[in-house]
Amino acid sequence: MVDEKKEKYTLQQLRGLNGLTKEELSRKSNVTSRTISNYEMDIEKMRNGKYSTLEKLAQALGVRVTDIFLDPDSEKPKRFKGLQNA
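A quick note: this is a predicted structure, and the numbers were derived from the prediction, not measured. (Residues numbered from 1 in each chain as written. Predicted model: local features only at pLDDT ≥ 70, side-chain atom pairs only at ≥ 80, totals over all residues. Heavy atoms only, no water.)

A. Broad picture of the pattern of salt bridges. Following the criterion strictly, the structure yields four salt bridges and no others. With a shortest N-O distance of 3.9 Å, Lys22 and Glu40 are connected by a salt bridge. Taken together, the residues Lys22 in helix H2 (residues 22-29) and Glu40 in helix H3 (residues 33-41) connect sequence positions 18 residues apart. Taking relative accessible area as the criterion, Glu40 reaches 16% and is therefore assigned buried. Through salt bridges with shared partners, a single ionic network connects Arg15, Lys22 and Glu40. (Salt bridge = Lys/Arg side-chain N within 4 Å of Asp/Glu carboxyl O. Helix = DSSP H or I, 4+ residues; strand = E, 2+ residues; numbered from the N terminus. Buried < 20%, exposed > 50% of the residue type's maximum accessible area, 1.4 Å probe, protein only.)

Okay, structure coming up:
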């Protein structure tokens, strides 16, 4: 039995995969677009944020909190060609 590691994505990548702008994710998660921007620009802010906020974002994106890339020491996942910059 092989133990497969599920690939983790950054918040921005997950948002892009779901085809959401920051504003759309904000409405869907009830998290301010400013917080989303801060989390996307600075992973430390996200790591130090409230767990309940990460839960809201994860639920809106259809993932678990543990599926969101949070470790600044790990190699960042590659960006997707279709990733939105909004």
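Let's pick the thread back up.
B. Spatial organisation of the packing of H2 against helix H5 (residues 51-61). Look at H2 against H5: their axes get within 9 Å of each other, and the N-to-C directions meet at 105°. Relative to H5, the element H2 lies roughly perpendicular. In this structure, H2 uses Leu25, Lys28 and Ser29 to contact H5, whose residues at the interface are Lys56, Leu57, Ala60 and Leu61. Here the residues of the contact of H2 with H5 sort into four nonpolar, one polar and two charged. (Axes fitted to C-alpha atoms, helices over the stretch in contact; angles between N-to-C directions. Parallel < 35°, antiparallel > 145°, perpendicular 65-115°, else oblique. Contact = heavy atoms within 4.5 Å. Nonpolar A, V, L, I, M, F, W, Y, C, P; charged D, E, K, R; others polar.)

C. Quick peek at H3. Taken together, the buried positions of H3 are occupied by Ile36, Ser37, Tyr39 and Glu40. Projected onto a plane normal to the axis of H3, the buried residues spread over an arc of 165° and lie on a single side. When the buried face of H3 is taken as reference, the exposed residues oriented beyond 90 degrees from it are Arg34 and Met41. On its buried face, H3 sits against helix H1 (11-17), H2, helix H4 (43-47) and H5. (Arc of directions from axis to C-beta.)

D. H5, seen in detail. When H5 is considered as a whole, its buried residues turn out to be Thr53, Leu54, Leu57, Ala58, Ala60 and Leu61. End-on view of H5: buried residues confined to an arc of 165°, all on one side of the axis. Residues of H5 that are exposed and angled more than 90 degrees away from the buried face: Tyr51 and Gln59. On its buried face, H5 sits against H1, H2, H3 and H4.

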